[in-house]
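# Inside the fold
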Amino acid sequence: MRSLLVTPPLARQLADLVLSTRGGDLPALALEHAKMSLASTLASAAAGYGIESARIIRELDLADGGTPVATVWFDNARLPLASAARVNAVASDAAASDDSDMRSIAHIGTIVSSAALAVGEREGASGRDVLTAMVLGYEIAGRVDESLTPGRMQRGFHGSFSTVFGACVAAGLLLRLDAHRLAHAIALSATSIGGMAIAADTSCAREYHAGLAASTGIRAALAAQSGFEGELGVFEQPRGFLDALGGQAREDIVRDWGVSWDIVTDMAIKLMPGAHPFHATAEAAAEAARAGGRISPDDIARIVVSAAVQWTDFKGEPHPRNLVDAAHSLHYFVAAAIADGGFAWQHMDAAKMADPVIAALQDKVEFDPEPPPLPDRFPHRHGGSVTIHMKDGAMHHAACVAPRGAGVRGIDWHDVEDKFLQLFPRAGLPTGAADSCLEAIAHLERTDSIRSLTRLLSRR
């Protein structure tokens, strides 16, 4: 009697795929993008270090203490793995200046960076091993999240439901879990994360979710390392992960492994702060204003925006008064880009939010009642257009599909360096620290131990 082939549970398939891939199998560009993601994460964390939400989480975890094995970035302290990763991820996400995945704007880079640096530091991992763990952690998180788009968002679930797998896989690789244990770590991650999208859109819960994803993924890997087992069928079973979050077919998650890498094709580095879906539209607004020559804001009658995010009803409200509001206000992005020739890091300051010129322009922003149909189910990939209607009847129009810093446009190291050198000094490390850290990141694949970088991130 011929035996029937049994398809392994998805958690085991993912573990097998990860462990079948060696660092040498990855293209150089994937490792370069991992370094860019790491530089972006550290820059954003430096900007977020002093934000109240980041301070609260840092103080809570420092008060709890524990075995000091991983650096709290820009501090003189160390914490247990999951705690350090949580504190660092919260700081990066708090500034709304980290990278995003352009399919659903999950901040995978922050999570794989904070998890890989924490575990890599304790384990004494090489720079290449850390970068490899980041690429593969990003891949699993990206594939899972792509399968959930747009189902999880329509159900109100935040991107932390997928970014947790980035932390889990990155940590599991650096802990050298075998396939059995890594599969259980992945399964445990699937049943231990939370996060509501509405809270992330309107409050500091966004960075709270990031901390949960980073710490929970590491804890799942540590539990599995010690022999803790979960339900390996948690993804595909009825009422399981994919069913609950509106996921696509499980086969899509493992199809064409190694043909391309998500960190190359879908990662985007933020070169301005705030919600990544608005960046392309802000670029279009600035370009439309330039097309009109020297436009006086007083001469503008109305500003018509046609953006892919309209299909998700994600555009916020005008007249923000704090970072959370500003990060989620498409009105503000467009008005500021027209008034100042672009949207930049200073636009998260309260003084800019109160600028009367920008405020007046926000009241002139309106949205196309019939935006063009989308070519696929990923609205955040498709940017937007802006038409400035002048009082004299002239019109100035521009469109942008993907923002600068997006993988689809190619990411320029000079842009990443410029971001790093602008934001990293905000952490208050000694003079020269920014240049030293940037140099270490640029050559990370040659480093025998990641500790040479994490030492540069401490005040000690």
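Here the structure is shown first, and the text comes after it.
This section reports on the structure supplied with the text.

A separate point is the overall build of the protein. Within the protein one finds 22 helices and 8 strands. Considered along the principal axes of its C-alpha atoms, the protein spans approximately 80 × 60 × 40 Å. When burial is assessed residue by residue, the protein has 60% of its 460 residues classed as buried. Residue pairs in contact within the protein that sit at least 24 positions apart in sequence constitute 78% of those at least 6 positions apart. Side chains of the protein give 41 positive and 54 negative charges; the mean places of these two sets differ by 4 Å.

Burial analysis of strand β7 (residues 384-390) places 7 of its 7 residues in the buried class, which makes it a mostly covered element. Every second residue of β7 is oriented toward a common face, with G384, V386, I388 and M390 on one face and S385, T387 and H389 on the other, all of them buried. Here strand β5 (residues 300-307) runs beside β7; their pairing, made up of 7 bridges, is antiparallel. Of the residues in β7, the one forming a bridge with V304 is T387. Note: β7 against strand β8 (residues 395-400), 6 bridges, orientation antiparallel. Each bridged residue has a counterpart across the sheet, and for S385 the counterpart in β8 is A399. Joining the antiparallel neighbours β7 and β8 is a turn of 4 residues, in which G393 adopts a positive phi near 100°.

To continue, consider the nonpolar core. Taken as a class, soluble globular proteins show a tendency for nonpolar side chains to be buried jointly. Judged by nonpolar contacts, the single largest core of 115 residues is most densely connected at F74, F165, I186, F235, F241, F420 and F424. Residues in contact with I186, not counting those within four places in the same chain, are A11, L14, A15, F165, C168, V169 and F235. In terms of nonpolar packing, the next biggest core, distinct from the first, is built from 37 residues, M272, Y332, A337 and I358 among them.

Rules and cut-offs
Residues numbered from 1 in each chain as written. Predicted model: local features only at pLDDT ≥ 70, side-chain atom pairs only at ≥ 80, totals over all residues. Heavy atoms only, no water. Helix = DSSP H or I, 4+ residues; strand = E, 2+ residues; numbered from the N terminus. Buried < 20%, exposed > 50% of the residue type's maximum accessible area, 1.4 Å probe, protein only. Contact = heavy atoms within 4.5 Å. Lys, Arg positive; Asp, Glu negative; His and termini not counted. Charge placed at Lys NZ, Arg CZ, Asp CG, Glu CD. Pairing = 2+ DSSP bridges. Core = buried A, V, L, I, M, F, W, Y, C linked by side-chain atoms within 4.5 Å.

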